[in-house]
Amino acid sequence: MPVAVGRLWCMAPTIMMNSPLDIHRLQGTADLLPAESFRWTQAEQVIRGTMLRFGFGEIRFPVLEPTELFARGTGASTDIVQKEMYTLTDRGGRSLTLRPEGTPSVVRAYLEENLGSQRPVWKLFYLGPMFRAERPQKGRYRQFHQFGAEMIGAASPESDVELIALGHTILRDLGMNAVRLHLNSIGSPDARRAHNEKLLAFLEQPDVFQKIDEDCRRRVQTNPLRVFDCKNEECVRILRHAPTIDQFLTAEDQEHFARVRHGLETLGIAYDLDPRMVRGLDYYTRTTFEFKTNLLGAQDTVCGGGRYDLLVETFGGPATPAVGFASGIERILAAVGESDVAPVALPRLDVFVCGLGDNARGLTAAILSRLRGLGLSADTDFLGRGLKAQMKEANRLAARLALIVGDDEIARGRFALRQMDGGGQSEIPADPSQWDKGLFVGVNA
Ligand code: HAM
């Protein structure tokens, strides 16, 4: 069950003056500095653009939710709920959890906002941080970021294909070519009941039960299907002989799956069938899928999802089919970094203003304001340094132009505009109200 990690009570901080900083970011979390943040922003723009092209609208929901939402939605027998949630008690004694995934929140919002009564199908996407108390390693973090998409209200196999095509397109748009789709159907509850019986009989054989690890023995009691989540090599080896769900699918499940496969083949999206891929969450029915890459080592799944036709009902809503996926941004950016796609570079600064002397420094704020008002990026030196040091700074920022504002220039009513790539120097009027953007663009832009 959830681990209580703290109480959300405000205490007056004790300030220790001059003591060395001995506070570190938590394990499994990261600071993103500007160059890295820029890569993220670019990726987020690509993701949002493709989502919108596919007709998905953005939903933003709280980071903190009632614990019960995940206990019921994600599922009591999952590793997430059993051991990975960041759960705390608030001042009113309520149990709250930092969202470990987005799907239960989307379904909560769907019901709470009464979306089903407004139109039959909703296509929603989200992007943001998720939290899981997993053992950190490369590609596995405690605060990580997902983008996800959910289509609520459609039962057709074509809606599964639409979601898989969306995931495939975004990964490709982000520069991830080396991915492979793994596909399975875990069937309807009828199929799973039949499978469960045979799986349980297999797992309870003494020579199997004694060899599987403690987690898997627990899974035998709670939800035997979850044994397929196990990564322990010995368990994986034993489970190669376990009955798989594909042998138990009902005629309707098979028909649904055949149409999903046909749709993917029509789109030219290649896939591998993987009857042991059950995904680590309890709500799936029928289609499950994952995109994996060979660029990342153990944490190789960059996107995972499937159909969850019973989740809306689990929360007391009407029978409402749904399908969706989520994808880890850290893993995608790491994989793209490993591939031969050229890294995105920070955009160049348009104009660096070199203010020389007190008079000039008194003018730079107005100069910067005018340049930025014209839609240009502009920066200056705030340390009162000489021309040489300021030109060095302009180079560091990859400025296209340096605008030199010294006492002589002010006296002459003309500022010098230098092209940083060695393209020479010209003069412009000192009065910013006479400037237009044309004076500054076109030069090595
Ligand atoms: P999930 O498989 O738990 O599914 O997570 C989706 C993706 O999030 C993973 O494939 C991985 O890329 C990324 N991810 C998960 N945990 C971590 C972690 N600790 N560190 C870094 N990345 C991670 C879900 O979350 C479902 N809500 C997907 C879904 C939506 N199914 C239907 N609709």
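Structure: see above.
I will try to describe carefully the structure that is included in this document.

Procedures and definitions
Residues numbered from 1 in each chain as written. Predicted model: local features only at pLDDT ≥ 70, side-chain atom pairs only at ≥ 80, totals over all residues. Heavy atoms only, no water. Helix = DSSP H or I, 4+ residues; strand = E, 2+ residues; numbered from the N terminus. Buried < 20%, exposed > 50% of the residue type's maximum accessible area, 1.4 Å probe, protein only. Polar contact = N/O pair within 3.5 Å; in protein donor to acceptor, adjacent residues only side chain to side chain. Contact = heavy atoms within 4.5 Å. Pairing = 2+ DSSP bridges. Axes fitted to C-alpha atoms, helices over the stretch in contact; angles between N-to-C directions. Parallel < 35°, antiparallel > 145°, perpendicular 65-115°, else oblique. Left-handed = near helix turned anticlockwise from the far one by under 90°. Nonpolar A, V, L, I, M, F, W, Y, C, P; charged D, E, K, R; others polar. Near = heavy atom within 4 Å. Areas by Shrake-Rupley, 256 points an atom, 1.4 Å probe, with all protein chains shown as cover.

1. Looking at the side chain of threonine 74
Turning to step 1, where the next piece is worked out: With respect to the element layout, threonine 74 can be found in the loop between α2 (67–73) and α3 (79–84).
Turning to step 2, where the next piece is worked out: Here threonine 74 falls in the buried class, since its relative accessible area comes to 0%.
Turning to step 3, where the next piece is worked out: There is a polar contact of 2.7 Å between the side chain of threonine 74 and the side chain of glutamate 101.
Turning to step 4, where the next piece is worked out: In this structure threonine 74 touches Leu69, Ile80, Val81, Glu101, Pro104, Leu281, Asp282 and Tyr283, once residues within four positions along its chain are discounted.

2. What about the sheet that holds strand β8 (residues 179–185)?
Turning to step 1, where the next piece is worked out: Pairing is mixed in the open sheet, where eight strands are placed in the order β2-β6-β7-β12-β11-β10-β8-β9. Looking at the sheet topology across the chains shown, the edges are occupied by β2 (57–58) and β9 (271–273).
Turning to step 2, where the next piece is worked out: Sheet topology note: the β8/strand β10 (residues 287–293) ladder contains seven bridges and is antiparallel. In the sheet register, asparagine 184 faces β10, and the bridge partner there is threonine 288.
Turning to step 3, where the next piece is worked out: In the packing of helix α1 (residues 34–53) onto the sheet, the strands contacted are β2, β6 (122–131), β7 (143–152) and β12 (322–328), and the crossing angle to β6 comes to about 160 degrees.
Turning to step 4, where the next piece is worked out: Sitting on the sheet, helix α10 (residues 251–267) touches β8, β9, β10 and β11 (301–307), and the angle it makes with β8 is about 160 degrees.

3. Topic: the packing of helix α5 (residues 157–173) against α10
In a packed pair of helices, the relevant descriptors are the angle between the two axes and the axis-to-axis distance.
Turning to step 1, where the next piece is worked out: Axis separation between α5 and α10 bottoms out at 8 Å; the angle between their running directions is 40 degrees. Judged by the inter-axis angle, α5 sits oblique to α10. For the pair α5 and α10, the sense of crossing is right-handed. Within the contact between the two elements, α5 uses Pro157, Glu158, Asp160, Val161, Ile164 and Ala165 and α10 uses His256, Arg259, Val260, Gly263, Leu264 and Leu267.
Turning to step 2, where the next piece is worked out: Within the contact of α5 with α10, the residues separate by chemical class into seven nonpolar, two polar and three charged.

4. Section: the site of the ligand
Turning to step 1, where the next piece is worked out: Surrounding the ligand, one finds 26 residues, the nearest of these being Glu101, Thr103, Glu134, Glu150 and Tyr284.
Turning to step 2, where the next piece is worked out: Within the side chain of glutamate 101, an N or O atom sits 2.5 Å from a nitrogen atom of the ligand.
Turning to step 3, where the next piece is worked out: Within the side chain of threonine 103, an N or O atom sits 2.8 Å from a nitrogen atom of the ligand.
Turning to step 4, where the next piece is worked out: Burial of the ligand by the protein amounts to 95% of the accessible area it has alone, namely 660 Å².
Turning to step 5, where the next piece is worked out: Residue assignment for the shell around the ligand shows that the elements contributing at least two residues are β7, β11 and β12.
Turning to step 6, where the next piece is worked out: Ranked by residues supplied to the shell around the ligand, first place goes to β11 with six residues.

5. Overview of the sheet that holds strand β17 (residues 425–429)
Turning to step 1, where the next piece is worked out: Strand order in the open sheet made by the five strands is β14-β13-β15-β16-β17, with mixed pairing throughout. Looking at the sheet topology across the chains shown, the edges are occupied by β14 (378–380) and β17. Averaged over all pairs of adjacent strands, the angle between strand axes in this sheet comes to 30 degrees, irrespective of strand direction.
Turning to step 2, where the next piece is worked out: Alignment of strand β16 (residues 414–419) against β17, held across five bridges, turns out to be antiparallel. When the bridges of β17 are listed, arginine 418 appears paired with glutamine 425.
Turning to step 3, where the next piece is worked out: Strands in contact with helix α14 (residues 387–396) are β13 (351–355), β15 (401–405) and β16; relative to β13, the strand with the most contacts, it is inclined by about 165 degrees.

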